[in-house]
Amino acid sequence: MNRIRSAGRLMAASVAFAAVAPALADNSEIAIEPAPGWVTTSEPLPVPEDVQGLVFYRSQDTIAHLTQEGHYSYQSQVIRILQPQALQAGNIAISWNPAAGRAVVHSLKIRRGQREIDVLGQTSFEILRREDQLEQAMLTGTLTAVLQVPDLRVGDDLEIAYTVPLHDPTLRDISHGVLFLGDAPPPGRFSLRLSWEDGQEPQVRMTEDFGAVASRTGNAISLDFENPGIVTPPRNAPPRYSWTRILEFSDFDNWAVVSGRFHALYADAARLAPDSPLREEAAIIAESHDNDLDRAQAALELVQQQIRYIYIGLDGGNFTPASADETWNRRYGDCKGKTALLLALLDAMGIEAQGVLVNNSVSTDGLDTKLPNPGHFDHIIVRAKIGGQDYFLDGTLPAVIDGRTDPFLPYQWVLPLTEAGSELERLPDRVFDLPQEMGLIEIDARAGFDAPARRVSTTMARGIAGLQQYLQLSGVPANQLEAALRSRLEGSAEWDTIESIAYRFDKRTQASILTITGTGPADWDDEGGGAYDLILPGGGFYPPERRQRSDSESGDIPFYQNPIYTCYATTVRLPDGTDLKNWGFNSTIDTLIYGRNFYRMMELRDDHTLRMVRGSRVEQQEIPAQKAERDNGRLANFDNSMAVLSYDPAGTGPRYGRLRQVPATYEIDWTGENPPCLPPDVLAG
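Everything numeric here is computed off the predicted structure, so don't read it as measured data.

As a further point, take the overall build of the protein. Per the secondary structure count, the protein includes ten helices and 39 strands. For the protein, the spread of C-alpha atoms along the principal axes amounts to about 90 × 75 × 50 Å. Relative to all contacts within the protein whose residues are 6 or more apart in sequence, the contacts with residues 24 or more apart total 75%. Within the structure as shown, the protein displays about 30400 Å² of accessible surface, and the carbon and sulfur contribution to it stands at 47%. Here the protein carries 62 positive and 93 negative side-chain charges, and the mean point of each set is 1 Å from the other.

Okay, here's the thing in structure tokens:
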């Protein structure tokens, strides 16, 4: 996946910088200069006599300064080393993109009692020019200046101050970013400051906890803290409730301005040269398919298969997409280049499409309450309109992932890129129509209770887990995969022997499927007198967690759960020579609690089989507090029993619950489009 990096994200006690800009000069060496005039710093705190922990932050100052050139970030701190484990604080590393300008160190000192030691007078920074994320297919252009502070001791104060420029060539003087304080900072004094030159004042928005302590003087907003307490977000609350201790700033008036600005970038990048070879590629695709949907899928497959993915953040590549022609000629690109290429192909075939900014890393819940900031997005995909239906196409995914009517990932807020500019768009919450995780087990125990059983075990995964398994296993020759798994599994608690191993990816349902066939113990429990019990794999539920707010939390905050849909089915061929009337099973389950369906059905058939299915799906991601309180009263009656198959030659097996037919694992394609993993009325609804 690609990262569209967020510029200007600064946090007290943990600072990360990302910057891009056109190369102005040779900025590959770190500069040593006095602090700029706009810097003001706080007075270091005395170290308390009863101080605890590894370090004490006597002071830390984080400043975001906005100028006509762009955004500068200043960081300084004075740290008292309290424990030997904290001496690693002397491993200094400052990263920056030389295309943005120079990183400048203002001071690096050790204070030992009344003695001041100038570290820069004894040693110097070493510049590392390697791409530290090359193995992740990322070219960032980032340099890192490293220095090991010599002779740092417990009891010393380590003092450092430096500035990193955050000029963005794509947006030039348009600044955007956040300042924030961590939820659990170490003890000490912390100062956050946003300042600006005349004419450069941005929009500012703060969370309530910051708004209560912020002060403004002239062209600056300051936030000062001494030994700030720990902030604990509400438990099991939607992600937006974790948005605390944050100051946002942005020069964008609204999201439509962001949309229009980025649309222009991709319109330019998707414009093909008159002699572009992509025109011929588009013509071949158009002639080879008789409808626009197949043409769009073929164009997507071309981008997925013929352009290898590599993130490019060099020389202003963070927000600026490479042109379609450039990406095609060099045969590699990031999400921006792949999107521009796909847009160009679709446009050449007369298919309406647009880029859509999304976030693959974190939830965008609550994004509509934040200031417009393109740094909230880290990825871009294509949305094509074909036959009145929207299709989402992601050129960075493997070719087994086709265009879809809903995105591959369950995005919430997205930003369509249009010429007129679009506002944020809220996509519907995801209720999965197919299981994302499945386990199918056939246990052939016809040889008897004491004999090994023939087993067929199928695991299936969709979504990110399925894609990860596909990338891991699809490139391994079948014989090598079988040999590796056979070596690992044979003789284990579950498997005695392995007969065969088969892997496939079902493109139609986008399912990664691994099937293992062999023999192994059935794990019957001998109850005496010829009676046996078998706990069925995958048959039980853990009880859901009680939803209740503490006295310190607002009782109106809803509860949140991630969308899931799991399904497990087990079929047991019963031992020969036993009478079906002596077999039984325990309870079945069919309940909806806390917005999640829990379903278990078991059935004994005349063909001497026991079939069990257990499914669970989240129907509602956010649960209102009032509904959660009602369900708390039902929780004591939740059936969390394991699924148990029992045999007693001296009795008649009990049958509980509302019985429904359950297909055997070998009777239908459970990994296909219509698995009976939930009650029929739920699946029909």
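Text resumes after the structure shown.
A word on the environment of Gly333. Structurally, Gly333 can be placed in strand S20 (residues 332-333). Residue classification places Gly333 among the buried residues on the basis of a relative accessible area of 0%. Along the chain, Gly333 and Arg308 lie 25 residues apart, while their C-alpha atoms are 6.5 Å from each other.

In this section: empty space enclosed by the protein. Following the criterion strictly, the structure yields four cavities of 30 Å³ or more and no others. Roughly 100 Å³ of volume is contained in the largest cavity. As for the largest cavity, its lining consists of 15 residues, and the residues nearest its centre are Ile381, Asp394, Leu397, Pro407 and Phe408. Considered class by class, the residues forming the lining of the largest cavity number eleven nonpolar, one polar and three charged. Considered as a void within the structure, the second largest cavity measures approximately 70 Å³ in volume. If you go around the second largest cavity, you meet ten residues; those closest to its centre are His71, Leu166, Asp168, Ile174 and Ser175.

Moving on: the sheet that holds strand S5 (residues 91-96). Here three strands make up an open sheet; going across it, the order is S5-S10-S8 and the pairing antiparallel. Edge positions in the open sheet fall to S5 and strand S8 (126-128), since each of these has one partner strand only. Geometrically, the sheet is characterised by an average inter-axis angle of 25 degrees between neighbouring strands, direction not taken into account.

As a further point, take the state of the cysteines. A full pass over the atoms with the stated rule returns one disulfide. The disulfide bridge from Cys567 ends at Cys677, spanning 2.1 Å between sulfur atoms. The sign of the S-S torsion, about -80 degrees, decides the handedness of the disulfide formed by Cys567 and Cys677: left-handed. Taken as a pair, Cys567 in strand S33 (residues 565-573) and Cys677 in the loop between strand S39 (644-647) and helix H10 (680-684) lie far apart in primary sequence, 110 residues in all. Cys567 gets classed as buried once you look at its relative accessible area, which sits at 0%. Residue Cys677 is classed as buried on the basis of its relative accessible area of 0%.

Moving on to the pairing of strand S27 (residues 453-461). Most of S27 is tucked away: seven of the nine residues are buried. Bridging between strand S26 (residues 437-444) and S27 involves eight bridges; their strand directions are antiparallel. Bridge assignment links Asp444 to a residue of S27, and that residue is Arg454.

Another point: the pattern of salt bridges. By the definition in use, this model includes 40 salt bridges. Across the pair Glu545 and Arg235 runs a salt bridge whose closest N-O atoms are separated by 3.1 Å. Of this pair, Glu545 sits in the loop between strand S31 (531-535) and strand S32 (559-560) while Arg235 sits in the loop between strand S16 (220-226) and strand S17 (246-250), and the two are 310 residues apart along the sequence. Overall, Glu545 belongs to the partly exposed group, its relative accessible area being 41%. On the basis of relative accessible area, Arg235 is assigned to the partly exposed category, the value being 47%. Residue Glu673 pairs with Arg508 through a salt bridge whose shortest N-O separation is 3.3 Å. One end of the pair, Glu673, is in the loop between S39 and H10; the other, Arg508, is in the loop between strand S28 (497-506) and strand S29 (511-520), with 165 residues separating them in the sequence. What you see here is one network of salt bridges that share partners, running through Lys109, Arg111, Glu116 and Glu159.

Glancing now at the sheet that holds S39. Across the sheet, four strands lie side by side as S30-S31-S39-S34; this open sheet has antiparallel pairing. Looking along the sheet, the strands with just one partner apiece sit at the ends: strand S30 (525-528) and strand S34 (583-585). Averaged over neighbouring strand pairs, the angle between their axes works out to 20 degrees when direction is ignored. Bridging between S34 and S39 involves three bridges; their strand directions are antiparallel. When the sheet's bridge partners are listed, Gly584 is paired in S39 with Ser646.

Buried within helix H9 (residues 625-632) are the following residues: Ala625, Ala628, Asp631 and Asn632. One side of H9 carries all its buried residues, which in axial view fall inside an arc of 120 degrees. The inward-facing, buried residues of H9 contact S32, strand S35 (589-593) and strand S38 (622-623).

The calculated volume of the largest pocket comes to roughly 1100 Å³. Along its surface, the largest pocket is lined by 45 residues, and Arg404, Phe408, Leu409, Arg430 and Phe432 are the ones closest to its centre. Only strand S24 (413-416), helix H7 (463-473) and S33 provide two or more residues apiece to the lining of the largest pocket. Examining the composition of the lining of the largest pocket, we find that three residues originate from one element, H7, more than from any other. Counted by class, the lining of the largest pocket contains 18 nonpolar, 16 polar and eleven charged residues.

Here we come to the side chain of Arg404. Position of Arg404 relative to the elements: it lies in the loop between strand S23 (389-393) and S24. Relative accessible area serves as the criterion here: at 19%, Arg404 is assigned to the buried category. A distance of 2.4 Å separates the side chain of Arg404 from the side chain of Gln510, its partner in a polar contact. Not counting residues within four places of it along the chain, the set of residues in contact with Arg404 comprises Asp390, Tyr391, Phe392, Arg430 and Gln510.

So, on to the nonpolar core. Judged by nonpolar contacts, the single largest core of 47 residues is most densely connected at Phe262, Tyr266, Leu341, Leu342, Leu345, Leu346 and Leu393. Residue assignment for this core shows that the elements contributing at least two residues are helix H2 (255-269), helix H3 (277-288), helix H4 (292-306), helix H5 (324-330), helix H6 (335-348), strand S22 (379-386), S23 and S24. Among the elements that make up this core, the one with the highest residue count is H6 (eight residues). Residue contacts for Leu342: discarding those within four places in its chain leaves Ala299, Leu300, Val303, Val382 and Leu393. Counting 41 residues, the second-largest nonpolar core is a separate cluster that includes Leu66, Ile81, Leu181 and Trp196.

What counts, and at which threshold
- Residues numbered from 1 in each chain as written.
- Predicted model: local features only at pLDDT ≥ 70, side-chain atom pairs only at ≥ 80, totals over all residues.
- Heavy atoms only, no water.
- Helix = DSSP H or I, 4+ residues; strand = E, 2+ residues; numbered from the N terminus.
- Contact = heavy atoms within 4.5 Å.
- Areas by Shrake-Rupley, 256 points an atom, 1.4 Å probe, with all protein chains shown as cover.
- Lys, Arg positive; Asp, Glu negative; His and termini not counted.
- Charge placed at Lys NZ, Arg CZ, Asp CG, Glu CD.
- Buried < 20%, exposed > 50% of the residue type's maximum accessible area, 1.4 Å probe, protein only.
- 1 Å grid on protein atoms, 1.4 Å probe; cavity = no way out; pocket = protein on both sides within 12 Å on 5 of 7 lines; lining within 4 Å.
- Points joined across faces, edges and corners; volume = space filled by probe spheres on them.
- Nonpolar A, V, L, I, M, F, W, Y, C, P; charged D, E, K, R; others polar.
- Pairing = 2+ DSSP bridges.
- Axes fitted to C-alpha atoms, helices over the stretch in contact; angles between N-to-C directions.
- Disulfide = S-S within 2.5 Å.
- Salt bridge = Lys/Arg side-chain N within 4 Å of Asp/Glu carboxyl O.
- Arc of directions from axis to C-beta.
- Polar contact = N/O pair within 3.5 Å; in protein donor to acceptor, adjacent residues only side chain to side chain.
- Core = buried A, V, L, I, M, F, W, Y, C linked by side-chain atoms within 4.5 Å.

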